[in-house]
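# Commentary on secondary and tertiary structure
So the chains spell out like this:
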Amino acid sequence: MQMEDDVKLARQGDREAFIRLIHELENGLYGVARSMVTRDEDCADAIQETILKAYHAIPGLKEPQYFKTWLFRILINECNSILKKRKRSIPSDTLGAGMAVAGASSDYDRVDLRTVVDRLEEGLRVVVTLHYFEDMPLRQISEVLGTPEGTVKSRLHRARLLLAEWLGPSTERMMSCES
């Protein structure tokens, strides 16, 4: 696996391998940061700090296969640090006018799912982002967040219910088939 090979090289000081790792995960890093801190400036700060800390700490990473989990854990800690420093809360408004319709696809309108997910409260939003946008299994999400797996499952369930409610009956059927 290329990622594990790059992690091993990066642990030995190979800068190019580390850069490849970051490039492979940069969209995911942005998505998770955005789901937590919402402002682009804060996302950039969190990602920059995450990359810097990961670069310095990677020689101590014992298991290369857990690089992604390890990196996202650093990012989540950075986002939490930013939120504490700014002492602000992220509003969880009702869906309202913020929902964007991205245009028509055949007979159906496509809804920008990311916009709807961003309306969830932080705890639910992070779990949904990690599970659906980063394809992380529940066990890994539990490790990254330092939360019991049962809590992750219940947050994911609550988020699905809210998303189904906001997106309407056709989405409800689609999401229940996915479980």
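This brings us to the packing of aromatic side chains. Using the criterion set out here, one finds 2 aromatic pairs in the structure. Centroid distance Phe-18 to Tyr-55: 5.2 Å. Interplanar angle 70 degrees. Geometry classified as edge-to-face. Taken together, the positions of Phe-18 in helix α2 (residues 15-37) and Tyr-55 in helix α3 (residues 40-57) put the pair 37 residues apart, joining distant regions of the chain.

The next point concerns helix α7 (residues 138-145). Burial analysis of α7 places 6 of its 8 residues in the buried class, the great majority of the element. All of the buried residues in α7 are Leu-138, Gln-140, Ile-141, Ser-142, Val-144 and Leu-145. Backbone geometry just after α7 places Gly-146 at a positive phi near 65 degrees.

The next point concerns the environment of Asp-6. With respect to the helices, strands and loops of the structure, Asp-6 is situated in helix α1 (residues 2-11). Relative accessible area serves as the criterion here: at 2%, Asp-6 is assigned to the buried category. Taking the C-alpha atoms as reference, Asp-6 lies 4.9 Å from Ala-17; in sequence the two are 11 residues apart. Once you skip the residues sitting within four places of it in the chain, Asp-6 turns out to touch Ala-17, Arg-20 and Leu-21.

Turning our eyes to something else, we now look at helix α8 (residues 149-167). In an α-helix, one turn spans 3.6 residues; hence positions three or four apart end up facing the same way. The end-to-end C-alpha separation of α8 is 27 Å, in line with the 27 Å expected for 19 residues at 1.5 Å each. All buried positions along α8 are accounted for by Val-152, Leu-156, Ala-159, Arg-160, Leu-163 and Ala-164. Considered in projection along α8, the buried side chains sweep an arc of 130 degrees and stay on one side of the axis. Residue Gly-168 follows α8 closely and has a positive phi angle near 100 degrees.

Once that is clear, we can look at the state of the cysteines. Inspection of the entire model under this criterion finds 0 disulfides. You can see Cys-43 has no disulfide; the closest cysteine sulfur is in Cys-79, sitting 6.8 Å from it.

The next thing to look at is the packing of helix α6 (residues 122-133) against α7. Across the interface, α6 lies against α7 with an axial gap of 10 Å and an inter-helix angle of 135 degrees. Relative to α7, the element α6 lies oblique. When the axes of α6 and α7 are compared, the crossing they make is right-handed. Where α6 abuts α7, its residues Val-126, Val-127, Leu-130 and His-131 lie against Leu-138, Ile-141, Val-144 and Leu-145. Taken together, the residues of the contact of α6 with α7 sort by class into 7 nonpolar, 1 polar and no charged.

Turning our attention to the nonpolar core. Ranked by internal contacts, the top residues of the largest apolar core, which has 45 residues, are Phe-67, Phe-72, Leu-75, Ile-76, Leu-130 and Ile-141. Those elements that place two or more of their residues in this core are α1, α2, α3, α4 (67-86), α5 (113-117), α6, α7 and α8. Considering every element that reaches this core, the biggest residue donor is α2, with 10 residues. Leaving out residues up to four positions away in the same chain, Ile-141 has contacts with Val-127, Leu-130, His-131, Met-136 and Val-152.

Procedures and definitions
Each chain carries its own residue numbering, running from 1 in the direction its sequence is written. Where totals are concerned, whole chains, interfaces and linings use all residues; where local detail is concerned, this predicted model gives features only for residues with pLDDT of at least 70, and gives and counts side-chain atom pairs only at 80 or more. Side-chain numbers here rest on the full set of heavy atoms in the structure, without hydrogens or water. Note on aromatic contacts: the rings of Phe and Tyr and the six-membered ring of Trp form a pair at centre separations within 6.5 Å, being stacked when their planes are under 30 degrees apart, edge-to-face when over 60 apart, and tilted otherwise. Put simply, DSSP marks the helices as runs of H or I at least four residues long and the strands as runs of E at least two long, and each gets a number from the N terminus on. Each residue is placed in one exposure class: buried if its accessible area under a 1.4 Å probe, protein chains only, is under 20% of its type's maximum, exposed if it is over 50%, and partly exposed if it falls in between. Note on contacts: a residue pair is in contact if any heavy atoms of the two residues lie within 4.5 Å. To estimate how far a helix should reach, multiply one less than its number of residues by 1.5 Å. To obtain the arc, one takes the directions from the helix axis to the C-beta atoms. Whenever a pair of cysteine sulfur atoms sits within 2.5 Å, that pair is classed as a disulfide. Think of each axis as a best-fit line through the C-alpha atoms, taken over the contacting stretch in the case of a helix, with angles from 0 to 180 degrees between the N-to-C directions. Any angle from 65 to 115 degrees is called roughly perpendicular, while one under 35 is roughly parallel, one over 145 is roughly antiparallel, and all others are oblique. Crossing handedness is read from the near helix: turned anticlockwise from the far helix by less than a right angle, it gives a left-handed crossing, and turned clockwise, a right-handed one. We call Asp, Glu, Lys and Arg charged. Ala, Val, Leu, Ile, Met, Phe, Trp, Tyr, Cys and Pro are nonpolar, and the rest, Gly among them, are polar. For the purposes of this section, nonpolar cores are sets of buried Ala, Val, Leu, Ile, Met, Phe, Trp, Tyr and Cys residues that join through side-chain atoms within 4.5 Å.

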